[in-house]
Amino acid sequence: MLAAYACDPAQSQGRRFTESDAPTRNAFQRDRDRIVHSTAFRRLVYKTQVFLNHEGDLFRTRLTHSLEVAQLGRSLARALGLHEDLVEAIALAHDLGHTPFGHAGQDALNDCMAPYGGFEHNLQSLRVVDGLEERYPQFDGLNLCFETREGILKHCSVRNAQMLEALEPGGVGARFLRHGQPSLEAQLCNLADEMAYNAHDIDDGVRSGLITLEQLQDVPLFEHYRQQVQAEFSQLTGRRLLYESIRRMLSDQVYDVLHSSQAALQHHAPASVNDVRTLPPLVQFSADMKAQSTALKTFLLHQLYRHPQVLQTTEWAKQVVHELFAAYLDQPQAMPDSHAQRDNLPRAVADYIAGMTDRFASREHARLTGKTAPL
Ligand code: MG
């Protein structure tokens with residue numbers, strides 16, 4: 001049951017290159033399938049989310065993170081009458097532009113590209129689906145629908161939005177210039193992303209031993225559920241206590257988003273997705289849940305993402321990206337011809353590095369500099 005304010009594939013604003021409809025699949029379903037078959041999607045399995053890929057087999061990677069976002073997104077979409085296939089397509093593609101080595105890699109590449117227009121992973125995800133994937137005879141990229149591309153471009157600087165607007169007037173850059181919102185499916189994916197990483201980073205953080213359940217007592221959102229679980233199951237410890245507390249936290253966040261979004265939708269009563277684009281954000285946490293989620297994010301920032309052990313590996317990752325960037329600028333022929341022969345060499349280098357998995361970047365770095373990772 002698709003709501004009036006949902007994106008309807010039959011009313012899509014279309015693809016950049018016109019294609020005939022598929023006989024059995026709707027346009028968003030087709031986008032989702034194209035994303036799953038892309039090279040960039042397969043690489044997500046070897047890209048760091050928080051923990052470097054080789055640090056353990058059980059930690060989230062960009063791929064499993066994206067699958068969790070898609071799962072949360074789909075169940076919320078179904079309950080809100082939004083288009084599930086579109087939500088899934090956006091969720092599976094939202095991190096395609098991420099560099100190797102997580103945020104450290106993105107920061108380092110942005111530093112390297114500062115004189116050449118910078119590097120931003122949301123824009124890079126769009127570059128992947130719009131141009132960098134080479135799969136089809138008639139066009140570069142995956143030729144996805146406007147609605148999918150709109151959702152992928154979660155944030156965008158004014159400068160980049162102006163650049164996009166010049167290439168595609170009234171396209172995916174326009175809303176950042178007129179301060180509009182994207183579709184509800186896109187708004188939902190943003191929130192599902194935040195819910196997914198908050199929950200799984202607690203899980204990975206505790207199982208890695210970098211944060212403890214004792215430390216988490218300072219996070220009211222998590223502590224509330226841990227106490228609730230222990231009141232019910234007094235003998236429960238370890239993983240099952242952790243998993244059940246996280247499960248309840250996620251579940252309550254889902255219902256919180258559902259109730260507050262339903263209330264906002266009722267209040268504003270958008271009659272179409274175009275109404276949605278001119279209204280304030282409607283898919284949202286309640287004020288209380290938003291504050292609690294922010295407190296959890298702050299905790300994870302200080303206790304996990306800036307943990308000395310994490311910072312040690314991120315310092316090395318930054319060095320790898322900086323030295324790879326310098327090496328390819330110096331000897332473009334060390335890249336494949338498709339990149340070495342492009343007109344804008346710094347952007348070609350950034351595209352090449354951004355596409356790498358953690359381990360390919362490490363191998364290339366060792367090959368070009370003779371250096372290997374310190375323990
Ligand atoms: Mg994400």
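Novice: Please provide a residue-by-residue account of the overall build of the chain, values included.
Specialist: Across its full length, the chain carries 18 helices and zero strands. In terms of C-alpha radius of gyration, the chain reaches 21 Å, essentially the compact-globule figure of 21 Å for 375 residues. In terms of principal-axis extent, the alpha carbons of the chain reach across some 65 × 55 × 35 Å. Here the chain holds 375 residues, and the buried ones make up 55% of them. Within the chain, contacts between residues at least 6 apart in sequence are counted, and of these 71% link residues at least 24 apart. Only carbon and sulfur atoms are counted for the fraction: they give 51% of the accessible area of the chain, which is about 17,400 Å². With 37 positive and 46 negative side-chain charges, the chain shows a spacing of 3 Å between the two charge centroids.

Novice: Pulling in residues and values, what's your account of the domain arrangement of the chain?
Specialist: Split into domains, the chain comes out as domain 1 (24-179 + 324-369) and domain 2 (184-308). Using C-alpha coordinates to define each centre, domain 1 is positioned 25 Å away from domain 2. Summed over both sides, the interface between domain 1 and domain 2 buries roughly 2,500 Å², with carbon and sulfur atoms accounting for 72% of that surface. For domain 1, the biggest contributors to the area lost against domain 2 are L72, L76 and L80; these three give 24% of the whole. Along the contact surface separating domain 1 from domain 2 lie four salt bridges. In this structure, D204 engages R60 in a salt bridge whose closest nitrogen and oxygen atoms are separated by 3.0 Å. Summed over the shared surface of domain 1 and domain 2, the number is eight residue pairs in polar contact (both at pLDDT 80 or more). Those elements that place two or more of their residues in the side of domain 1 that touches domain 2 are α3 (62-80), α4 (84-93) and α7 (146-152). For the side of domain 1 that touches domain 2, the element with the highest residue contribution is α3, accounting for nine residues. Tallied by class, residues from the side of domain 1 that touches domain 2 come to 16 nonpolar, six polar and five charged.

Novice: Before we move on, can you summarise the packing of aromatic side chains with the specific residues and values?
Specialist: Here the structure, examined in full by the defined rule, presents five aromatic pairs. Between the aromatic rings of Y116 and F325, the centroid separation amounts to 6.4 Å while the plane-to-plane angle is 35 degrees, which identifies the pairing as tilted. Residue Y116 is found in the loop between α5 (102-113) and α6 (121-132), and its partner F325 is found in helix α15 (residues 308-330); the two are separated by 209 residues along the sequence. The class of F325 is buried, set by a relative accessible area of 5%. Judged by centre distance (5.3 Å) and plane angle (70 degrees), the ring pair of Y328 and Y352 falls under edge-to-face. Here the residue Y328 occupies a position in helix α15, and Y352 occupies one in helix α17 (residues 345-354), the gap between them amounting to 24 residues. With relative accessibility at 0%, the residue Y328 sits in the buried group. Owing to a relative accessible area of 13%, Y352 belongs among the buried residues under this scheme.

Novice: Before we move on, could you go through the pattern of salt bridges and cite the residues and values that matter?
Specialist: Going through the model one piece at a time under the given rule, you end up with 31 salt bridges. Of the charged contacts, one joins E19 and R30 as a salt bridge, the two residues approaching to 4.0 Å between their closest N and O atoms. You can see E19 sitting in the segment before α1 (27-36) and its partner R30 sitting in helix α1, a full eleven residues away along the chain. Residue classification places E19 among the partly exposed residues on the basis of a relative accessible area of 26%. In this structure, R149 engages D130 in a salt bridge whose closest nitrogen and oxygen atoms are separated by 2.8 Å. Separated by 19 residues along the polypeptide, R149 in helix α7 and D130 in helix α6 bring together distant segments of the chain. With a relative accessible area of 2%, R149 lands in the buried category. Taking the relative accessible area as the measure of exposure, D130 reaches 15% and is therefore buried. Connected through shared salt-bridge partners, R25, R32, D33, R74, R78, E84, D85 and E88 make up one network.

Novice: Could you give an account of the environment of H37, naming the residues involved and the relevant values?
Specialist: Looking at the secondary structure, you find H37 in the loop between α1 and α2 (39-43). When the C-alpha atoms of H37 and L142 are compared, they prove to be 9.9 Å apart, with 105 residues separating the residues in sequence. Here H37 is in contact with R42 and R135, once residues within four sequence places are set aside.

Parameters and conventions
Residues numbered from 1 in each chain as written. Predicted model: local features only at pLDDT ≥ 70, side-chain atom pairs only at ≥ 80, totals over all residues. Heavy atoms only, no water. Helix = DSSP H or I, 4+ residues; strand = E, 2+ residues; numbered from the N terminus. Rg over C-alpha atoms; globule rule 2.2 N^0.38 Å. Buried < 20%, exposed > 50% of the residue type's maximum accessible area, 1.4 Å probe, protein only. Contact = heavy atoms within 4.5 Å. Areas by Shrake-Rupley, 256 points an atom, 1.4 Å probe, with all protein chains shown as cover. Lys, Arg positive; Asp, Glu negative; His and termini not counted. Charge placed at Lys NZ, Arg CZ, Asp CG, Glu CD. Domains from an automatic or database assignment. Buried area = accessible area lost by both parts, 1.4 Å probe. Salt bridge = Lys/Arg side-chain N within 4 Å of Asp/Glu carboxyl O. Polar contact = N/O pair within 3.5 Å; in protein donor to acceptor, adjacent residues only side chain to side chain. Nonpolar A, V, L, I, M, F, W, Y, C, P; charged D, E, K, R; others polar. Phe/Tyr/Trp six-rings, centres within 6.5 Å; stacked < 30°, edge-to-face > 60°.

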